[in-house]
Amino acid sequence: MSKSKTIRIFDTTLRDGEQSPGASMNIEEKLRIASQLEKLNVDVIEAGFPIASEGDFEAVRKVAQTIKGPQIAGLCRASVMDIDRAWDALKFAGERARIHTFIATSDIHMERKLKMAPEKVKETAVKAVKHAAAYTSNVEFSCEDAVRTRLDFLAEMVEAVIEAGATTINIPDTVGYAIPFEFYNIIKYLKDNVKNIDKAVLSVHCHNDLGLAVANSLAAIQAGAGQVECTINGIGERAGNCSLEEVVMALRTRQDIMPYTTGLNTEFIYGTSRLLSTITGIVVQPNKAVVGANAFAHEAGIHQHGVLMDKETYEIMTPESIGLNTNKLVLGKHSGRHAFVARLKELGYDLSKDDIEKAFVRFKALADKKKEIFDEDLDAIVADEIIRIPEAVKLLQMNVSSGSFAAPTATVELEVHGKRKKAAMMGDGPVDATFKAIKKLTRMQPRLINFSVGSITGGTDAQGECTVRLDFDGHEVLGQGAHSDIIVASAKAFINALNKGLSAAERSSRVEI
Ligand code: KIV
Ligand code: ZN
């Protein structure tokens, strides 16, 4: 068999992934994800879109300064102003900085969005790539909506930008329209018709509108693409992007017919997936391939029997290969700090001493109330105690009376921008009364889009986890809170979303792509 080709993994969780509704992350959170991606050993981290806002710029700059292994990319439109701004943030990554510039090339985008003739689009792209190449030889160019671009024009564009200095050419399926066979042919066409194609790495970037992002990416790789762009848990604009864990594990599992390798430390996949879901509040569906809660659970008796006889009867990859330890140690009130820290590490949480201390205190308090502490409880503790954005609003204490006799009343005491405040409100139910009191104290009036309560694990002593989605003048944020009292969990979730809304407001001057 021929030597296997290495496929570069370009992770865009912090840029395209962050464009998922409700997935916005602050700088601290982005750094946590970036350092997890570093452990995963992805080749490139796209850290943001520096000109989009001050917050994006700072996030890209901090990631460029902090992360040492992977290359760091920043997105920019094909304009001098965007590229200069991106470089100001990226230059801290030195040799590992990558400028990623793009312009749309399909007729529909050129005519209706850009209102530019194809020749003008090509000229703009070439000028942008030349400008970027003056900063670094690591320039990626994307033909936005490449899949709906006329093939002869796509080839013309690709040839021109390679000539101008682009070293990676990305072919995005911006609207998730392609099918695998078609994607294979696009890459093959470019390989066969662009005379300087060997001077650049071809990349694939698929959206999942038809659920084909991973399949299309694999087809592109089989046709000769050398880089795949993807996100953790497949988060991203609309139906999301190609999911990193799926494409990487497909390549790893099907070496027999796909002789491609990635340099990924796949045993960090599970921890990274959990961390992202904890930070964004976007829950991974249980039946999600590779990282879903049921991905390695065998329910049917015949399957369980087979797995007991020989795992390979029903398992095509091992849970350990993605970092999922099936011999889970259940923690309880007699568990010591050692076991606690070890489990957090296995879950992908690398915490400072202070943070471990905070989490351990909370763990002990929970263990006094609850017999067994599961991984999901630990996620909730870490989310609640550690992964919190700077809190302008803090819950100090609350009391709620409700039932079928009197009107539900909530008395809430908060710290708002350093000042203690207390209010009591009545409502249609205990949650409504609580939210009204919080709104009164903070003088914030977001619209509640969604409210859900679930139990983190089984049993009547389980922690309740609440998620709220709020709308701040068109900007959506998710908030989460966990507590053994579900009304307190709801208050925490609401306050978490308010804090996120406040920090999003600081980044309000976003440029739309
Ligand atoms: O989907 C897309 O076209 C993109 C580009 C900006 C690379 O995200
Ligand atoms: Zn995209």
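Placed above this text is the structure.
These remarks concern the structure in this document.

Basis of the calculations
- Residues numbered from 1 in each chain as written.
- Chains lettered and ligands numbered in written order.
- Predicted model: local features only at pLDDT ≥ 70, side-chain atom pairs only at ≥ 80, totals over all residues.
- Heavy atoms only, no water.
- Axes fitted to C-alpha atoms, helices over the stretch in contact; angles between N-to-C directions.
- Helix = DSSP H or I, 4+ residues; strand = E, 2+ residues; numbered from the N terminus.
- Left-handed = near helix turned anticlockwise from the far one by under 90°.
- Contact = heavy atoms within 4.5 Å.
- Nonpolar A, V, L, I, M, F, W, Y, C, P; charged D, E, K, R; others polar.
- Buried < 20%, exposed > 50% of the residue type's maximum accessible area, 1.4 Å probe, protein only.
- Donors = N, O, S within 2.8 Å, 3.2 Å for Na, K, Ca; no water.
- Pairing = 2+ DSSP bridges.
- Polar contact = N/O pair within 3.5 Å; in protein donor to acceptor, adjacent residues only side chain to side chain.
- Lys, Arg positive; Asp, Glu negative; His and termini not counted.
- Salt bridge = Lys/Arg side-chain N within 4 Å of Asp/Glu carboxyl O.

Now for the packing of helix α1 (residues 27-40) against helix α2 (residues 54-66). Relative orientation of the contacting elements α1 and α2 amounts to 35 degrees, with a least axis distance of 10 Å. The crossing of α1 and α2 is right-handed. Within the contact between the two elements, α1 uses I27, K30, L31 and A34 and α2 uses G55, D56, E58, A59, K62, V63 and T66. Residue composition of the contact of α1 with α2, by class: five nonpolar, two polar and four charged.

Take unusual backbone geometry next. Despite not being glycine, K115 shows a phi value in the positive range, around 55 degrees. Along the chain, K115 falls in the loop between α4 (107-114) and α5 (118-133). Judged by its relative accessible area of 65%, K115 is exposed. Here the phi dihedral of V290 falls at roughly 70 degrees; this positive angle occurs in a residue that is not glycine. Along the chain, the position of V290 falls in the loop between α10 (269-280) and α11 (301-309). Residue V290 is classed as buried on the basis of its relative accessible area of 6%.

Four donors placed tetrahedrally about a metal ideally form angles of 109.5 degrees, and six donors placed octahedrally ideally form angles of 90 or 180 degrees. Coordination of the zinc ion (ligand 2) by the protein comes from D16 (OD), H205 (NE2) and H207 (NE2), over a distance range of 2.0 to 2.1 Å. Given a relative accessible area of 3%, D16 falls into the buried group. Judged by relative accessible area, which is 5%, H205 ranks as buried.

Bringing the sheet that holds strand β14 (residues 447-455) into the picture now. Taken together, the three strands give an open sheet; going across it, the order is β14-β15-β16, and neighbouring strands pair in antiparallel fashion. Two strands lie at the open edges of the sheet, namely β14 and β16 (475-483), each paired on one side alone. The average undirected angle you get between the axes of adjacent strands in this sheet is 15 degrees. Direction of pairing for strand β15 (residues 464-472) relative to β16: antiparallel, over a ladder of nine bridges.

A separate point is the environment of N216. Assignment of secondary structure puts N216 in helix α8 (residues 213-223). Given the relative accessible area of 1%, N216 is considered buried. Through-space distance from the C-alpha of N216 to that of Q255 is 18 Å; in sequence the pair is 39 residues apart. With residues near it in sequence (within four places) discarded, N216 still touches D173, A178, I179, P180, F183 and C206. One polar contact links the side chain of N216 to the main-chain carbonyl oxygen of A178, over a distance of 3.1 Å.

Attention now goes to the side chain of T149. Inspection of the secondary structure assignment puts T149 in the loop between β6 (139-144) and α6 (151-164). The class of T149 is buried, set by a relative accessible area of 6%. In this structure the side chain of T149 is engaged in a polar contact, spanning 3.2 Å, whose partner is the backbone nitrogen of S106. The residues contacting T149, other than those within four sequence positions of it, are T105, S106, E144 and L154.

Quick look at the side chain of R96 now. Considering the arrangement of structural elements, one finds R96 in the loop between α3 (80-90) and β5 (97-104). Of the side chains bearing the opposite charge, E38 lies closest to the buried R96, which forms no salt bridge; the N-O distance is 6.7 Å. Here the side chain of R96 touches K68 through a polar contact of 3.1 Å, landing on its backbone oxygen. If near-sequence neighbours (up to four positions away) are discounted, R96 is found in contact with A64, I67, K68, G69, P70, Q71 and I72.

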